[in-house]
Amino acid sequence: MDLTGMKVRFDSAEFERQYHYDGPLGSFCNESGTQFFLWAPTAQDVVLRLYRDGYRGGAFKTERMTSIGEGVWCWETKDNLSGTYYDYLVTVHDVARETADPYARACGINGERSMVIDLKSTDPKGWEEDKAPAHGAEAIIYEVHVKDFSWDPASGVKPEWRGKFKAFTQENTTLNDKGHYPTCLNHMKKLGVTHVQLMPVYDYGSVDERDNGESYNWGYDPANYNVPEGTYSTDPYHGEVRVRELKEAIQSLHKNGFRVIMDVVYNHTFKLDSCLWKTVPWYFYRQDEGGAASNGSGCGNELATERSMCARYIIDSVLYWAEEYHMDGFRFDLMGMLDVDLMTRIRSACDARWGKGEKLLYGEPWSGGACHPRAGTELADKGHLRVLPPEVGAFCDTTRDMVKGSVMDANGRGMINGGGLYADALACCVKGWAFPNGAFQASSPAQTISYLSCHDDWTLWDKLILTVDEKRKRFQEPIQAVLDANKMGAALYFACMGRPFLLSGEEFARTKGGLRNSYNAPAKLNKLDWNRAFRFRSLVDYYEGLIGLRKQLPALCDKSAEAANRVLKAVQVTANLAYVEIDNTGGSSRWTKLILLFNATNELQKRNNLKGSWEVLVDSTSSKRWMKPELAGEKLEIPPMSALFLGLAKE
Ligand code: CA
């Protein structure tokens, strides 16, 4: 069949009717035996090969699989094959291809051979009692790359655990192990973030797991969707170790008060020639009009999420990570390539199993290029936020770019770096764009992720250096004007109703020396620099105060569809000086109203004080004024490039 014919066939209702299958897939073992199930409806023949080792030596056994209908091939034995490695030889149109199991839950080094695993045996001690911490007033999401987190020797993490899942299990680490300044888990606890978003921890293909050194990648290149990445384990050769060590990391994060979000990349695979492609050539991939692989990801291929068995695969995968690894939420990479129906089904399945809204779901509401889904498919992009469930969120690039300038242009400026500060735009950001006809049309602030930096593009610090210190570009130095802009930017997005999100290290002026895309740069450039955390500790302190305050403000934590009505006034006081007044009633907050003032001018601004007992919550020097609130004086003073937050104390 030609390539376009393939597309027509796999898109057809008839194919779905004939081959959609809801039974078990993958390998399963217990004391009474082991079963293998593979969905390969276009195969003429499937052979299972069993190995003693994850990468060396030939098969000790090869078995022809039996076709059992609906496109499924099966083989079973009375032996418990736990710990046995395997792969398949799948013949389609007379071409035989070796492939790992797309449903593999463990694998050998570099994921080429799958592994039969008794998952129960990988549970760390106390796993059955493992529970996520209770929800607080707000989810504050902190994005972390496993290797970045502890690669720095100054982290105080044991050398053999640096860059590994295990680093998340080491408590009370301090800078250079000197006992003074907190690092890693200890740092995150002090900072007050509530959710740790782990950048890809599934098995990805871009780093050779045999290399334990500086090799580095963010990992947006899935190889085995349902297996943890080997380079983060202390032993990538034995399939069970990475499974256990990721569970230990999650258990420790839970114990230390964090929920864990998994970054998932169901929009494309490391290469087109993946295990999904090799078992059912083309079925899992979208094709363009000419039949070539569509490239909406910008990475060479694109999954056909709207096809029933591809959708099933993704839903199964999400539920598996939530169930087996106790993941508390998912961040969908290029969610704008996935379809609305799929995201709706994932939301419903999570709600049905764990309770409404219990698992946090959000993603990037865009793609990396033109997508070619089946005709009639609605994509989960920015234009479809209002048809997505209210608890499927999206990164708000509108606020991001309005505050600090475009991520596409090093010189692009926003409210904090000379692009102009306008009360109307500011009010939209504060509302999380949760109203119709805006640039980002969320149905409530629950859909809005408010952020200024993530792993992509320049760090916030680097973007500010490029726009505020553009002549000298002193990335390493604590330039006062840049610090001021950074603090004001942080105050601004922590005053937005959407869920706050930050790239780890943003709070200590994380720099990549101006490198925009560091996805495969060395670990020494990407790593969290814990000496810098100490050096920029006053900035860390400012973030800490904002995070603490945020949890005390019902107005900003409100995720209801009516939350936008809390913004009572937005006034342009003078050019680049804006005032927003917010209704903060509800909950047990000390303050019934809030006033946010942002001064993006180069001059000290003075205003007469307002009537009533207004207390200072945040000013240019401290974001912890709210901890010992004092009345704002007769005259309000707002220094250049700073925020002033006031709260009207209850009578
Ligand atoms: Ca890998």
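For the structure, see preceding data.
Trainee: Is there a simple way to explain the overall build of the protein in this structure?
Mentor: When its secondary structure is counted, the protein shows 16 helices and 26 strands. Radius of gyration (C-alpha) of the protein: 26 Å, near the 26 Å computed for a compact globule of 651 residues. In terms of overall dimensions, the protein has C-alpha extents of about 85 × 55 × 50 Å along its principal axes. Considering only contacts in the protein between residues 6 or more positions apart, those separated by 24 or more positions represent 72%. Here the protein displays about 23700 Å² of accessible surface, and carbon together with sulfur accounts for 49% of that area.

Trainee: Could you clarify how one ought to interpret the pattern of salt bridges in this entry?
Mentor: Should their charged atoms come close, side chains of opposite charge can pair. Enumeration according to the criterion identifies 41 salt bridges in this entry. Here Asp263 ties to Arg331 by a salt bridge, and the two come within 2.8 Å at their closest N and O atoms. Of this pair, Asp263 sits in strand 14 (residues 259–264) while Arg331 sits in strand 15 (residues 329–332), and the two are 68 residues apart along the sequence. For Asp263, a relative accessible area of 0% gives the class buried. Among the salt bridges present, the one from Glu615 reaches Arg590, with a minimum N-O distance of 2.8 Å. Taken as a pair, Glu615 in strand 24 (residues 614–618) and Arg590 in the loop between strand 21 (577–583) and strand 22 (591–599) lie far apart in primary sequence, 25 residues in all. A relative accessible area of 6% places Glu615 in the buried class. One salt-bridge network, held together by shared partners, links Lys120, Asp123, Glu128, Lys247 and Glu324.

Trainee: Before we go on, may I ask you to explain the coordination of the calcium ion in this structure?
Mentor: Under perfect tetrahedral coordination by four donors, a metal shows angles of 109.5 degrees; under perfect octahedral coordination by six donors, it shows angles of 90 or 180 degrees. Within the first shell, the calcium ion binds the protein through Asp203 (OD), Tyr204 (O), Glu209 (OE) and Glu229 (OE), at distances of 2.2 to 2.4 Å. Sequence positions of the donors to the calcium ion reduce to the motif D-Y-x4-E-x19-E. Given a relative accessible area of 3%, Tyr204 falls into the buried group. Overall, the relative accessible area of 4% leaves Glu209 in the buried class.

Trainee: Would you mind showing me how to read helix 15 (residues 537–550) here?
Mentor: Because each turn of an α-helix spans 3.6 residues, side chains separated by three or four positions in sequence point in the same direction. Between its first and last C-alpha atoms helix 15 spans 20 Å; for 14 residues at 1.5 Å apiece the expected length is 20 Å, and the two agree. With eleven of 14 residues buried, helix 15 is to be regarded as a mostly interior element.

Trainee: For this particular structure, what's the right way to read empty space enclosed by the protein?
Mentor: A probe matching the size of a water molecule, rolled over the atoms, marks out where space remains unfilled. In the structure shown here, the tally under the stated rule is seven cavities of 30 Å³ or more. By volume, the largest cavity amounts to about 90 Å³. What lines the largest cavity is a set of 13 residues, and nearest its centre among them are Leu25, Trp39, Pro102, Tyr103 and Phe284. Within the residue set of the lining of the largest cavity, elements represented by two or more residues are strand 2 (33–39), helix 6 (275–279) and helix 7 (308–325). If one sorts the elements of the lining of the largest cavity by residue count, strand 2 sits on top with three residues. Looking at the lining of the largest cavity, its residues break down into eleven nonpolar, one polar and one charged.

Trainee: When you look at the nonpolar core in this model, what are you seeing that I'm missing?
Mentor: Note that soluble globular proteins tend to have their nonpolar side chains buried in a common cluster. Counting residues in hydrophobic clusters, the biggest one holds 172 residues, and the most contacted among them are Trp39, Phe332 and Phe645. For this core, the element with the highest residue contribution is helix 7, accounting for eleven residues. Beyond its immediate stretch of four places on either side in the chain, Phe645 contacts Ala491, Ala495, Leu546, Leu549, Ile595, Leu596, Phe598, Glu615, Val616, Leu617 and Val618. Core analysis: the second largest hydrophobic core is formed by 17 residues, Leu38, Leu48, Tyr88 and Val90 among them.

Trainee: Looking at this structure, how should I read the sheet that holds strand 16 (residues 360–363)?
Mentor: In a beta sheet, neighbouring strands are held together by backbone hydrogen bonds and run either parallel or antiparallel to one another. A barrel is described by the order of its strands in space; here eight strands give the closed sequence 10-11-14-15-16-17-18-19, paired in parallel fashion. The sheet shows a mean angle of 30° between the axes of neighbouring strands, taken without regard to direction. The sheet contact formed by strand 10 (residues 141–144) and strand 11 (residues 195–198) spans four bridges and is parallel. From the neighbouring strand, Ile141 faces strand 11, where its bridge partner is His195.

Rules behind the numbers
- Residues numbered from 1 in each chain as written.
- Predicted model: local features only at pLDDT ≥ 70, side-chain atom pairs only at ≥ 80, totals over all residues.
- Heavy atoms only, no water.
- Helix = DSSP H or I, 4+ residues; strand = E, 2+ residues; numbered from the N terminus.
- Rg over C-alpha atoms; globule rule 2.2 N^0.38 Å.
- Contact = heavy atoms within 4.5 Å.
- Areas by Shrake-Rupley, 256 points an atom, 1.4 Å probe, with all protein chains shown as cover.
- Salt bridge = Lys/Arg side-chain N within 4 Å of Asp/Glu carboxyl O.
- Buried < 20%, exposed > 50% of the residue type's maximum accessible area, 1.4 Å probe, protein only.
- Donors = N, O, S within 2.8 Å, 3.2 Å for Na, K, Ca; no water.
- Expected span 1.5 Å × (residues − 1).
- 1 Å grid on protein atoms, 1.4 Å probe; cavity = no way out; pocket = protein on both sides within 12 Å on 5 of 7 lines; lining within 4 Å.
- Points joined across faces, edges and corners; volume = space filled by probe spheres on them.
- Nonpolar A, V, L, I, M, F, W, Y, C, P; charged D, E, K, R; others polar.
- Core = buried A, V, L, I, M, F, W, Y, C linked by side-chain atoms within 4.5 Å.
- Pairing = 2+ DSSP bridges.
- Axes fitted to C-alpha atoms, helices over the stretch in contact; angles between N-to-C directions.

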